[in-house]
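# Overview (structure and organization)
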Amino acid sequence: MTTQHQITDAELQAFAAEAAAQPRCADCTPLWRPGWESMSAAAGTDHLALLGALGSETSWEQLEEFHPAGTNLWSPDAPIAPGWHPYTRSTLWRCARCSGAFLRYTEYGGYYLEERIRPLWADLIVRP
């Protein structure tokens, strides 16, 4: 993991609120799906700028997920739970045109790497 600005809870909430208040631009509309998507299936992301990381080097190895309502990683309504996987390995990205905010992380499978992206939905952020 490379050292990046660590996004605070207040920053995460502020970016989510700002993203929710703006209509999506043409570049972000295809990315605005309800859950984690493979980057290969998503539209381009060159318009997004990296803001920082949700996790830290000390939380990188946290692999437990938080799903109190029976959701799973792929559920559109899965909570966005900083401190829990995959958010311990996620970075926050933002569009300069529409303030769209997205979370990204790399899934490290046995024989593959998969880049994933998810919109930052304000109403799904929890801090268990």
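Analysis parameters
- Residues numbered from 1 in each chain as written.
- Predicted model: local features only at pLDDT ≥ 70, side-chain atom pairs only at ≥ 80, totals over all residues.
- Heavy atoms only, no water.
- Phe/Tyr/Trp six-rings, centres within 6.5 Å; stacked < 30°, edge-to-face > 60°.
- Helix = DSSP H or I, 4+ residues; strand = E, 2+ residues; numbered from the N terminus.
- Buried < 20%, exposed > 50% of the residue type's maximum accessible area, 1.4 Å probe, protein only.
- Lys NZ or Arg CZ within 6 Å of the ring centre and 35° of its normal.
- Polar contact = N/O pair within 3.5 Å; in protein donor to acceptor, adjacent residues only side chain to side chain.
- Expected span 1.5 Å × (residues − 1).
- Arc of directions from axis to C-beta.
- Contact = heavy atoms within 4.5 Å.

### Regarding the packing of aromatic side chains
- The full count for this structure, using the stated rule, is five aromatic pairs.
- Pairing W32 with F102 gives two aromatic rings, centres 5.1 Å apart and planes at 85 degrees, and the pair type is edge-to-face. A residue pair is termed long-range when its members are at least 10 positions apart, and W32 in the loop between α1 (9-20) and β1 (37-38) and F102 in strand β4 (residues 101-108) qualify at 70 residues.
- A ring pair is formed by W36 and Y87, whose centres lie 5.9 Å apart and whose planes are at 35 degrees; its orientation type is tilted. With W36 in the loop between α1 and β1 and Y87 in the loop between β2 (48-53) and β3 (91-95), the pair connects residues that are 51 residues apart, well separated along the chain. Considered together, W36 and Y87 belong to a single accessibility category, that of buried residues.
- Taken together, W32, F102 and W121 form an aromatic cluster joined through their ring pairs.
- Taking the ring centre of W60 as reference, the NZ or CZ of R89 above it sits at 4.5 Å.

### Remarks on the environment of A17
- Examined against the element boundaries, A17 turns out to sit in helix α1.
- Residue A17 is classed as partly exposed on the basis of its relative accessible area of 44%.
- As a C-alpha pair, A17 and G100 span 83 residues in sequence and 9.9 Å in three-dimensional space.

### Quick look at the side chain of E107
- Checked against the element boundaries, E107 lands in strand β4.
- Among the polar contacts made by the side chain of E107, one reaches the side chain of R116 at a distance of 3.4 Å.

### A short note on α1
- Counted at 1.5 Å a residue, the expected span for α1 with its 12 residues is 16 Å, and the 17 Å between its end C-alpha atoms agrees.
- Among the residues of α1, those classed as buried are L12, F15, A16 and A19. Mapping the buried residues of α1 onto a view down its axis gives an arc of 100 degrees, with all of them on the same face.
- Each element contacted by the buried residues of α1 is listed here: β2, β3 and β4.

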